[in-house]
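# Summary of the model geometry
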Amino acid sequence: MRRWLLSGFCLWSIWLSAGEEPLAEALEKAPIPLVVPPQSELLPAPQIAAPEPVVAADVFPPYAVKYEVNYNGIKVGEMTQQLTASTNGRQTLQTVAYTTGLVSWLKSDKVTERSIWHDEGGALMPLSYTYRYSGNNKEAFERLDFDWQTGIVKSLRDGKVTELAVEAGTFDKHMYQLPLRRDLAKGLRQLRYPVADRGKLEQYEFEVLAEEPVETGSLGKVNCLKLQKGTTFIWVAQKFDYLPVKIEKDEDGSTVSSELIEFNRR
């Protein structure tokens, strides 16, 4: 079930594969600073009609959204995401995915991701990233801290700390969706982002395929740009500040998908 959530609930976690080892005491004692604020639950966003898009080159208006997650057409979970307003140039993005309905009786899974970054004259500088998974007697935890004075990212996973040298313009595997949305708003179509992930640097590349309308159950027909990364297809809409309206991924003959059902700009 955790794999379904990670595969289908949202664009920014499709490629995440954090370990499932039990959470050890070493996680709390590891020698890297914890700069993440206390965890908080997200309140479901009320469903309202979307206003005109306001995403500009370097503007990320706060919002709260909800997605429905399906596996072969059957609902298995939901995902909420919230972007805070800028405070002293800092913003926080938090995503929470969880199983729902009858599925949650069989497998109660929850995934929480949080990114904090600083806007340095229009350049997005990630500061920290955390990942938490809980469900059925298992827990997993991962944390990345970015030190831009030294150009080093420290990664904590399974009680082990690794270091990676990075340059400005590197993102974490959760917040990179923000420069992606910004570049789409600018009209750019060459979409490639360096991402720090567990002691290694990866390149996330997207191909813009076409403009295509998407029929949704909650929001009606929405005009979208269709993107592709590997076997994953993402439909993003200018109407919703280039957030994904629909995501679809093929996994060994099965289809995992998610669909935007609520949008609220704060």
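Refer to the structure printed above.
The following refers to the structure shown. This one's a predicted model, so the numbers in the text were calculated from it and none came from an experiment. (Residues numbered from 1 in each chain as written. Predicted model: local features only at pLDDT ≥ 70, side-chain atom pairs only at ≥ 80, totals over all residues. Heavy atoms only, no water.)

### Observations regarding the overall build of the protein chain
What counts is decided by this rule: Runs of H or I in DSSP of at least four residues are treated as helices and runs of E of at least two as strands, each being numbered from the N terminus. Accessible area is worked out with a 1.4 Å probe on protein chains only. A residue is then buried under 20% of its type maximum, exposed over 50%, and partly exposed in between. Contact between two residues is taken to exist if any of their heavy atoms lie within 4.5 Å; hydrogens are not considered. A 1.4 Å probe and the Shrake-Rupley method give the accessible areas. Residues count as covered only by the protein chains that appear here.
The helix and strand tally for the protein chain stands at 4 helices and 14 strands. Counting every position in the protein chain, which comprises 266 residues, the buried fraction comes to 51%. Across the protein chain, the fraction of contacts at a sequence separation of at least 24, relative to all contacts at a separation of at least 6, is 53%. Total accessible area on the protein chain stands at roughly 12200 Å², and carbon and sulfur atoms take up 49% of it.

### Describing the pattern of salt bridges
For clarity, the cut-off: The salt bridge criterion pairs a side-chain nitrogen of Lys or Arg with a carboxyl oxygen of Asp or Glu, the two atoms within 4 Å.
Counted by the stated rule, this structure contains 12 salt bridges. When the shortest N-O distance is used, the salt bridge between Lys66 and Glu78 registers 3.8 Å. Taken together, the residues Lys66 in strand S1 (residues 63-71) and Glu78 in strand S2 (residues 74-83) connect sequence positions 12 residues apart. Between Lys173 and Glu142 there is a salt bridge, and its shortest N-O distance comes to 3.1 Å. With Lys173 in the loop between strand S8 (160-165) and helix H4 (177-185) and Glu142 in strand S6 (residues 138-147), this residue pair connects regions lying 31 residues apart in the sequence.

### Some thoughts on the layout of surface pockets
Summary: where empty space remains is shown by rolling a probe the size of a single water molecule over the atoms. Under the convention used in this document: A 1.4 Å probe that fits but cannot get out identifies a cavity on a 1 Å grid over protein atoms alone, an open set with protein on both sides within 12 Å along at least five of seven lines counts as a pocket, and a residue lines either if it has an atom within 4 Å of a point. Grid points are joined across faces, edges and corners, and a volume is the space filled by probe spheres set on the points. Note that Gly is not counted as nonpolar here; it falls among the polar residues with everything else outside the nonpolar set of Ala, Val, Leu, Ile, Met, Phe, Trp, Tyr, Cys and Pro and the charged set of Asp, Glu, Lys and Arg.
Taken as a whole, the second largest pocket spans an internal volume of roughly 160 Å³. In this structure, the second largest pocket is lined by Arg189, Glu211, Glu212, Pro213, Asn223, Cys224, Leu225, Val236, Ala237, Gln238 and Tyr242. Every element with two or more residues in the lining of the second largest pocket is listed here: strand S10 (200-216), strand S11 (220-229) and strand S12 (232-237). Of the residues that constitute the lining of the second largest pocket, the class distribution is 6 nonpolar, 2 polar and 3 charged.

### Focus on the packing of aromatic side chains
The geometry of an aromatic ring pair comes down to the distance between the two centres and the angle between the two planes. Rules: Pairing of aromatic rings covers Phe, Tyr and Trp, the last counted by its six-membered ring, and requires centre-to-centre distances within 6.5 Å; plane angles under 30 degrees mean stacked, over 60 mean edge-to-face, and any other angle means tilted. The rule is short: NZ of Lys or CZ of Arg within 6 Å of the ring centre and within 35 degrees of the ring normal puts a charge over the ring.
Per the counting criterion, the structure on display carries 6 aromatic pairs. An aromatic cluster of at least three residues, connected via ring pairs, comprises Phe171, Tyr176, Tyr193, Tyr204 and Phe206. The lysine or arginine in question, Lys229, covers the ring of Tyr204, its NZ or CZ lying 5.2 Å from the ring centre. Taking the ring centre of Trp235 as reference, the NZ or CZ of Lys246 above it sits at 5.0 Å.

### A short note on the pairing of S10
Stated formally: A pair of strands is treated as paired once DSSP finds two or more bridges between them.
In this sheet, S10 lies alongside strand S9 (residues 191-197) in antiparallel orientation, the contact comprising 7 bridges. Each residue of the ladder has a partner; that of Pro194, found in S10, is Gln203. Linking S9 to S10, which pair antiparallel, is a turn of 2 residues; within it Arg198 sits at a positive phi near 50°. With 9 bridges connecting them, S10 and S11 associate as antiparallel partners. Each bridged residue has a counterpart across the sheet, and for Ala210 the counterpart in S11 is Lys226.

### Comments concerning unusual backbone geometry
As a rule of thumb, non-glycine residues mostly have phi less than zero, and peptide bonds are mostly trans rather than cis. Even without a glycine there, the phi angle at Asn88 is positive, about 55°. Positive phi, normally seen in glycine, also occurs at Asp252, with a value near 55°. Of note, Asp252 is situated in the loop between strand S13 (243-251) and strand S14 (254-265).

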